[in-house]
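Here is what each chain is made of, one letter per residue.
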Amino acid sequence: MAKTGRTKVTIRCNVCGEQFTLRGRRGPAGEVETGFKQCLCDNNRHFHIMEDGS
Ligand SMILES: [Zn+2]
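Overview of the structure.

The rules behind each value
Residues numbered from 1 in each chain as written. Predicted model: local features only at pLDDT ≥ 70, side-chain atom pairs only at ≥ 80, totals over all residues. Helix = DSSP H or I, 4+ residues; strand = E, 2+ residues; numbered from the N terminus. Buried ≥ 20, exposed ≤ 12 C-beta atoms within 10 Å, placed from the backbone. Contact = placed C-beta atoms within 7 Å. Pairing = 2+ DSSP bridges.

### Some remarks on the environment of Ile 49
In step 1: Tracing the backbone through its elements, the reader meets Ile 49 in strand S4 (residues 47–52).
In step 2: On the basis of neighbour counts, which here come to 14 C-beta atoms within 10 Å, the residue Ile 49 falls in the partly exposed class.
In step 3: In this structure, the C-alpha to C-alpha distance between Ile 49 and Thr 10, residues 39 residues apart in sequence, is 5.9 Å.
In step 4: Excluding residues that lie within four positions of it along the chain, Ile 49 makes contacts with Val 9 and Ile 11.

### Brief notes about the sheet that holds strand S1 (residues 5–13)
Where strands meet in a sheet, backbone hydrogen bonds hold them as pairs that are either parallel or antiparallel.
In step 1: Sheet architecture is open: four strands sit in the order S3-S2-S1-S4, paired in antiparallel fashion. Two strands lie at the open edges of the sheet, namely strand S3 (32–33) and S4, each paired on one side alone.

Given below as structure tokens:
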């Protein structure tokens, strides 16, 4: 349980360059879940994800 927690994530779209800052939650497998689905440009696969504050 100690591995889970809140984190801030910046997601940048590799297609159009749009950036999104989201609050995420780290899951037990080390994945960060933000609920983010897709960019405004319909890209839903090609992102650069940066996790802040770690
Ligand atoms: Zn985009």
